[in-house]
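This is what each chain is made of:
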Amino acid sequence: MKKTISRPIIGGAIFAALSYLSTAANLTIQLSGDLILGPWELFNVLSAALFGPIGLLVTELGLDISGYFYLIKGVYPAPQDLYFMIGNYAAHIAALAVVAAGYRVIHEQMKMPRLLAGWILLMGIYYLMGVTLSVLFHNIAVPALGATLAGYVGTVRLEFVFVAGITSLILLALPERYRRPQWVETEKTFG
């Protein structure tokens, strides 16, 4: 198997396993009302940025399966709970695809510290797109939920700061060879 295929699968599986374990261990912070802050988005965005579309699909599948069984199942009556998770999965996949493509572009165009500024901007785009799609899909899945853009934005503000800050520190700490997108081959120079 080529490295450009095996790395995203392995990386995505590692992030999915970490996501599942953090959910099973209930590594969450209950902030207010319905807002639960956990490490899932860290795994999502890093998997998308570093391991591309394949890695993000593997991670998201593991994240949503664990989220369904540990967090959502039983919250809404069946089959609405399953529809809610499918809507959540679709919203995250679309927004994370933008992260994967965007990170590849900013990594090729920018070096530190401008890379971090581009990353934070990309996180803003991810959250704006993710929240908008989540509201749309959640209202389709569970009409009685009455999800609103203002309500969702209000709940993810702190999460955005947490995720953008922690992932920026992780990207800063990674050596360049691991910071680059692992899902594309780079041209090797000889000299």
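Residues numbered from 1 in each chain as written. Predicted model: local features only at pLDDT ≥ 70, side-chain atom pairs only at ≥ 80, totals over all residues. Heavy atoms only, no water.

Undergrad: So what exactly am I meant to see when it comes to the overall build of the chain here?
TA: Counting its regular elements, the chain contains six helices and two strands. Reading the chain from its N terminus to its C terminus gives the helix and strand order α-β-β-α-α-α-α-α. In the chain, buried positions account for 45% of the 191 residues. (Helix = DSSP H or I, 4+ residues; strand = E, 2+ residues; numbered from the N terminus. Buried < 20%, exposed > 50% of the residue type's maximum accessible area, 1.4 Å probe, protein only.)

Undergrad: Would you mind going over the confidence of the model for the chain with me for this structure?
TA: Detailed reading of predicted coordinates is not advised where the pLDDT is low. Taken as a whole, the chain shows an average pLDDT of 84; of its residues, 83% reach a score of 70 or greater. Put simply, strand S2 (residues 35–37) is where the chain has its lowest mean pLDDT, 68, and helix H4 (residues 114–141) is where it has its highest, 92. (pLDDT = per-residue confidence, 0-100.)

Undergrad: Before we go on, may I ask you to explain the packing of aromatic side chains in this structure?
TA: Applying the stated criterion to the full structure yields five aromatic pairs. Both rings, one in Phe-15 and one in Phe-51, keep their centres 5.9 Å apart while their planes meet at 55°; by these two values the pair is tilted. Note that Phe-15 is positioned in helix H1 (residues 3–24) and Phe-51 in helix H2 (residues 40–72), a separation of 36 residues in sequence. By relative accessible area, Phe-15 is classed as buried at 15%. A centroid spacing of 5.7 Å and a plane angle of 85° characterise the contact between Tyr-127 and Phe-160, whose relative ring orientation is edge-to-face. (Phe/Tyr/Trp six-rings, centres within 6.5 Å; stacked < 30°, edge-to-face > 60°.)

Undergrad: Please explain a nonpolar patch on the surface as it appears in this structure.
TA: Together, Ile-166, Leu-169, Ile-170 and Leu-172 make up a nonpolar patch on the protein surface, roughly 330 Å² of accessible area in all. Within the element layout of this structure, Leu-169 appears in helix H5 (residues 149–173). What makes Leu-169 exposed here is its relative accessible area of 55%. (Patch = residues over 30% accessible without salt bridge, like charges linked within 9 Å, V, L, I, M, F, W, Y side chains within 5 Å. Areas by Shrake-Rupley, 256 points an atom, 1.4 Å probe, with all protein chains shown as cover. Salt bridge = Lys/Arg side-chain N within 4 Å of Asp/Glu carboxyl O.)

Undergrad: How should the nonpolar core be read in this particular structure?
TA: For soluble globular proteins, the rule of thumb is that nonpolar side chains tend to be buried together. Of all hydrophobic cores here, the largest spans 34 residues; its most connected members are Val-45, Val-99, Tyr-103, Trp-119, Met-123, Tyr-126 and Leu-171. Residue assignment for this core shows that the elements contributing at least two residues are H2, helix H3 (80–109), H4 and H5. (Core = buried A, V, L, I, M, F, W, Y, C linked by side-chain atoms within 4.5 Å.)

Undergrad: Sorry, what's going on with the environment of Leu-96 here?
TA: You can see Leu-96 is positioned in helix H3. According to the relative accessible area criterion, Leu-96 is buried, its value standing at 0%. When sequence neighbours within four positions are dropped, the list of residues in contact with Leu-96 reads Asn-44, Val-45, Ala-48, Leu-56, Glu-60 and Tyr-126. (Contact = heavy atoms within 4.5 Å.)

Undergrad: Help me out: how do you make sense of the pattern of salt bridges in this one?
TA: Two side chains carrying opposite charge are able to pair once their charged atoms lie near each other. By the definition in use, this model includes two salt bridges. One salt bridge connects Glu-176 with Arg-179, and the closest N-O pair in it is separated by 3.0 Å. Taken as a pair, Glu-176 and Arg-179 lie in helix H6 (residues 176–179) at a separation of three residues, close to a single helical turn. Residue classification places Glu-176 among the partly exposed residues on the basis of a relative accessible area of 38%.

Undergrad: What exactly am I supposed to notice about the packing of H3 against H4 here?
TA: For any two helices packed against each other, one specifies the inter-axial angle together with the distance between the axes. Running from N to C, H3 and H4 cross one another at 160°; their axes reach a closest spacing of 8 Å. Overall, the two elements H3 and H4 adopt an arrangement that is roughly antiparallel. Here the hand of the crossing between H3 and H4 comes out right-handed. Of the residues in the contact of H3 with H4, the class split is 21 nonpolar, 10 polar and no charged. (Axes fitted to C-alpha atoms, helices over the stretch in contact; angles between N-to-C directions. Parallel < 35°, antiparallel > 145°, perpendicular 65-115°, else oblique. Left-handed = near helix turned anticlockwise from the far one by under 90°. Nonpolar A, V, L, I, M, F, W, Y, C, P; charged D, E, K, R; others polar.)

Undergrad: I tried to follow the side chain of Thr-59 on my own but got confused; where do I start?
TA: Relative to the assigned elements, Thr-59 resides in helix H2. Among the residues examined, Thr-59 registers a relative accessible area of 1% and is labelled buried. Every residue in contact with Thr-59, bar those within four places of it in the chain, is listed here: Gly-12, Phe-15, Ala-16, Phe-43, Asn-44 and Ser-47.

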